[in-house]
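What the coordinates show
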Amino acid sequence: MFAAYRVVFDGGRTAVDAWQEHLDDLRTIDGTLCTRSLNGGTFTIAQQSLWAIQDMIEETRIPLTCKSYYVLSESNVNDWLGKRQGLRLVDLKIEAASRSLQLAETDFELTGSPDAGQAIQFYRDILTSLRSQQ
């Protein structure tokens, strides 16, 4: 399963579009086939599709505390991607990371949260790396 997932994951924007086609698929799959299943159970293909899109666009090797600044969610992913038709995967990543940085900066200004401070530095580093790939 994970070898096949890696092949799809490396498929770029075409793969994102393919996952997007399954965001309404409520058929269930065994949790052992999912990329984020910690305790087994069952999940929908829609959930796995969202996770795959998040994994491709939003940085997944981040501290757990930074994940609260993710941009994509079940409620907005279709609209977000729809407004960005034709953009390359790297451009989608830059937009998502830029928005995540804004969210972390706002949180830090309002609360002084150390988690937000950590996220700010993390997203700045990610953006530097991504912009070098443009």
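This is a predicted model, so every value here is computed, not measured. (Residues numbered from 1 in each chain as written. Predicted model: local features only at pLDDT ≥ 70, side-chain atom pairs only at ≥ 80, totals over all residues. Heavy atoms only, no water.)

1. So, the overall build of the chain
This is how it is decided: By the criteria applied, helices consist of DSSP H or I runs no shorter than four residues and strands consist of E runs no shorter than two, each listed in order from the N terminus. Pairs of residues are marked as contacts when any of their non-hydrogen atoms sit within 4.5 Å. The method behind every accessible area is Shrake-Rupley, applied with a 1.4 Å probe, and residues are considered shielded solely by the protein chains displayed.
If you tally the helices and strands in the chain, you get six helices and two strands. Sequence-ordered secondary structure for the chain, helices as α and strands as β, is α-α-β-β-α-α-α-α. Contacts in the chain between residues at least 24 apart in sequence constitute 57% of all its contacts with a sequence separation of at least 6. Here the chain displays about 7700 Å² of accessible surface, and carbon together with sulfur accounts for 53% of that area.

2. Concerning the side chain of Ser100
To be explicit about the condition: Partly exposed residues are those whose accessible area sits between 20% and 50% of the maximum for their type, while under 20% is buried and over 50% is exposed, using a 1.4 Å probe and protein chains only.
Residue placement: Ser100 occurs in helix 5 (residues 89-111). According to the relative accessible area criterion, Ser100 is buried, its value standing at 1%. Excluding anything up to four places from it in sequence, Ser100 contacts Glu58, Tyr69, Tyr70, Val71 and Tyr123.

3. Quick notes on the environment of Thr65
With respect to the helices and strands, the residue Thr65 is situated in the loop between helix 3 (45-57) and helix 4 (77-82). Accessibility expressed as a relative area gives 30% for Thr65, which makes it partly exposed. Residues contacting Thr65, with those up to four places away along its chain left out, are Asp115 and Gln118.

4. Quick notes on the side chain of Ser49
Take Ser49: it is sitting in helix 3. Excluding anything up to four places from it in sequence, Ser49 contacts Trp19, His22 and Leu23.

5. Comments concerning helix 3
Residues spaced three or four apart along an α-helix point in a common direction, a consequence of the helix completing one turn every 3.6 residues. To keep it simple, the criterion reads: One less than the residue count of a helix, multiplied by 1.5 Å, gives the span that helix is expected to have.
Between its first and last C-alpha atoms helix 3 spans 18 Å; for 13 residues at 1.5 Å apiece the expected length is 18 Å, and the two agree. Within helix 3, twelve of the 13 residues are buried, leaving the element largely enclosed by the surrounding structure. Every buried residue of helix 3 is accounted for by Ile45, Ala46, Gln48, Ser49, Leu50, Trp51, Ala52, Ile53, Gln54, Asp55, Met56 and Ile57.

6. Observations regarding the environment of Gln118
Secondary-structure assignment places Gln118 in helix 6 (residues 114-131). With relative accessibility at 38%, the residue Gln118 sits in the partly exposed group. Counting along the chain gives 52 residues from Gln118 to Cys66, while the straight-line C-alpha distance between them is 7.5 Å. Beyond its immediate stretch of four places on either side in the chain, Gln118 contacts Pro63, Thr65 and Cys66.

7. Comments concerning the pattern of salt bridges
Under the convention used in this document: Salt bridges are identified by distance alone: a Lys or Arg side-chain nitrogen within 4 Å of an Asp or Glu carboxyl oxygen.
In total, this model carries six salt bridges according to the counting rule given. Note that Asp79 is salt-bridged to Lys83, the shortest N-O span being 3.2 Å. The partly exposed category is assigned to Asp79, whose relative accessible area is 45%. For Asp91, the salt bridge goes to Arg88, with nearest N and O atoms at 3.1 Å.

8. Thoughts on the packing of helix 5 against helix 6
Heads up, the rule is: Note on definitions: angles span 0 to 180 degrees between N-to-C directions of axes, and those axes are lines fitted to C-alpha atoms, for helices only across the stretch in contact. Working rule for angles: under 35 degrees goes down as roughly parallel, over 145 as roughly antiparallel, 65 to 115 as roughly perpendicular, anything else as oblique. Two helices cross in a left-handed way if the nearer one is turned anticlockwise from the farther one by less than a right angle. They cross in a right-handed way if the turn is clockwise. Residues are grouped as follows: Ala, Val, Leu, Ile, Met, Phe, Trp, Tyr, Cys and Pro are nonpolar; Asp, Glu, Lys and Arg are charged; every other residue, Gly included, is polar.
Packing of helix 5 against helix 6 brings their axes to within 9 Å, and their N-to-C directions diverge by 155°. Taken together, the axis directions place helix 5 and helix 6 in an arrangement best described as roughly antiparallel. As helix 5 runs across helix 6, the sense of the crossing is left-handed. Contacts from Val90, Lys93, Ile94, Ala97, Ser98, Ser100, Leu101, Ala104, Glu105, Asp107 and Phe108 of helix 5 reach helix 6 at Ala116, Gly117, Ala119, Ile120, Tyr123, Arg124, Ile126, Leu127, Leu130 and Arg131. Looking at the contact of helix 5 with helix 6, its residues break down into 13 nonpolar, three polar and five charged.

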